[in-house]
Amino acid sequence: MKKSTIIFFTVLGILYNAQNFKTKRGIVSLDGVHVAKISNKSNIYTFMDLSETPMYTMEFIDKSVVDSVRDSYIKLNRVYNRDKTIEMDYISPSAFSGEEKSAVYTSIKGLKVIDNKGINVKNLDEIFKNVPKRKLDSKTKDAYTTRNKIDKLNIEVNKVGEIISNGVPVGYFTNLPVSFGSEDTITDKTFIDIEVYDAKSKYIGKYITTTKQIKTANGKIFTIYREMSGRAALLKFPTYKAIAERMAIMDPNFIKVQEKVIVGDVVKGNAENK
């Protein structure tokens, strides 16, 4: 009984001290008092004082990092002092809140830059002095690590199916369709798998068109997915470049990061850890 009483008064205290906010026709109210104004254009929310002087903007970003992993965050910028933009996490009052409500909720509850006196410029400046670190889960951190590795490889596929990494030929595709284009997505389901070899014609792996799976020579298997907001993960049609990138991650010995070494006036590519 004692424990229940403590929980009851704790919840009651939270409700009592909680500020009720509302946004209607571009006006932000706290406990029934108008404190700020907000406008939206092209996914960027501008917060203004009651005299409609712009103070800061909040842009919502939702992007694919790699595979089915997405990252959602905001970009915060001061209108009166645009020396830098910072990327931050945001909070929502519920899972079904829209961007505007999340922007206001984050400003009041998360960043505390809107209070019962209006927009708190001092608190806003303090955020830019001591930028909060983003709280990424392990899945998103791993995705960014993978994305960084892929970007360093700088992979391209030319018009004859040759795989290029940082300007150096590192492999090639076989069993390509007659209508092959390096930026094409692979939509045909054929019983002939598209194979990948390194520059020395060593077999690296294959893309199975019927199952949309990548399988390396040593037996590793990966299914390519895409994830749409609010929907389950779906199989997608990959590009040849995406297959080469994933194969390089699955088999680290396939492509090494190329370092440019200047010998006289000639620039050559040397493989890292060669």
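Residues numbered from 1 in each chain as written. Predicted model: local features only at pLDDT ≥ 70, side-chain atom pairs only at ≥ 80, totals over all residues. Heavy atoms only, no water.

1. Some words on the sheet that holds strand β6 (residues 69-78)
The sheet built from 7 strands is open, its strands ordered β1-β2-β3-β4-β5-β6-β7 with antiparallel pairing. Looking at the sheet topology across the chains shown, the edges are occupied by β1 (21-24) and β7 (85-88). Averaged over all pairs of adjacent strands, the angle between strand axes in this sheet comes to 25 degrees, irrespective of strand direction. Bridge count between β1 and strand β2 (residues 27-30): 4 bridges; the pairing is antiparallel. Residue pairing for β2: threonine 23 is matched across the bridge by valine 28. Of the strands in this sheet, β5 (54-66) and β6 are in contact with helix α4 (residues 138-153), which crosses β5 at around 75 degrees. (Pairing = 2+ DSSP bridges. Helix = DSSP H or I, 4+ residues; strand = E, 2+ residues; numbered from the N terminus. Axes fitted to C-alpha atoms, helices over the stretch in contact; angles between N-to-C directions. Contact = heavy atoms within 4.5 Å.)

2. Concerning the pattern of salt bridges
For the structure on display, the rule yields 9 salt bridges. Residues arginine 70 and aspartate 62 are paired through a salt bridge, measuring 3.0 Å at the closest nitrogen-oxygen approach. For arginine 70, a relative accessible area of 30% translates into the label partly exposed. Aspartate 83 is paired through a salt bridge with arginine 78; the nearest N and O atoms lie 2.7 Å apart. Assessed through its relative accessible area of 52%, aspartate 83 is described here as exposed. What makes arginine 78 buried here is its relative accessible area of 5%. One salt-bridge network, held together by shared partners, links Asp71, Asp89 and Arg134. (Salt bridge = Lys/Arg side-chain N within 4 Å of Asp/Glu carboxyl O. Buried < 20%, exposed > 50% of the residue type's maximum accessible area, 1.4 Å probe, protein only.)

3. Observations regarding the confidence of the model for the protein
Within the protein, residue pLDDT values average 84, and 82% of them lie at 70 or more. In this model residues 1-18 is a low-confidence stretch, pLDDT under 50, and it forms 2 contacts with partners more than four residues away in sequence or in other chains. Contacts for the low-pLDDT stretch residues 258-269, under 50 throughout, to residues beyond four places or in other chains number 19 contacts. (pLDDT = per-residue confidence, 0-100.)

4. Observations concerning the sheet that holds strand β11 (residues 162-165)
Each strand in a sheet pairs with its neighbour through backbone hydrogen bonds, running either in the same direction (parallel) or in the opposite one (antiparallel). Read from one edge of the open sheet, 7 strands run β10-β11-β12-β13-β14-β15-β16, paired in antiparallel fashion. Each edge of the open sheet is held by one strand with a lone partner, namely β10 (155-157) and β16 (221-223). With direction set aside, neighbouring strand axes in the sheet form an average angle of 20 degrees. Across 4 bridges, the pairing between strand β12 (residues 168-174) and strand β13 (residues 194-198) is antiparallel. Bridging from a neighbouring strand, glycine 171 pairs with aspartate 198 of β13.

5. Observations concerning helix α3 (residues 121-129)
Among all positions in α3, only Leu124, Ile127 and Phe128 are buried. Buried residues along α3 cover an arc of 95 degrees about the axis, so they all sit on one side. Looking at α3, the residues exposed on the side facing more than 90 degrees away from the buried face are Lys122 and Lys129. Residues of α3 that are buried in the fold lie against β5, β6 and β7. Residue asparagine 120 occupies the N-cap position of α3, its side-chain oxygen lying 3.2 Å from the main-chain nitrogen of lysine 122. (Arc of directions from axis to C-beta. Polar contact = N/O pair within 3.5 Å; in protein donor to acceptor, adjacent residues only side chain to side chain.)

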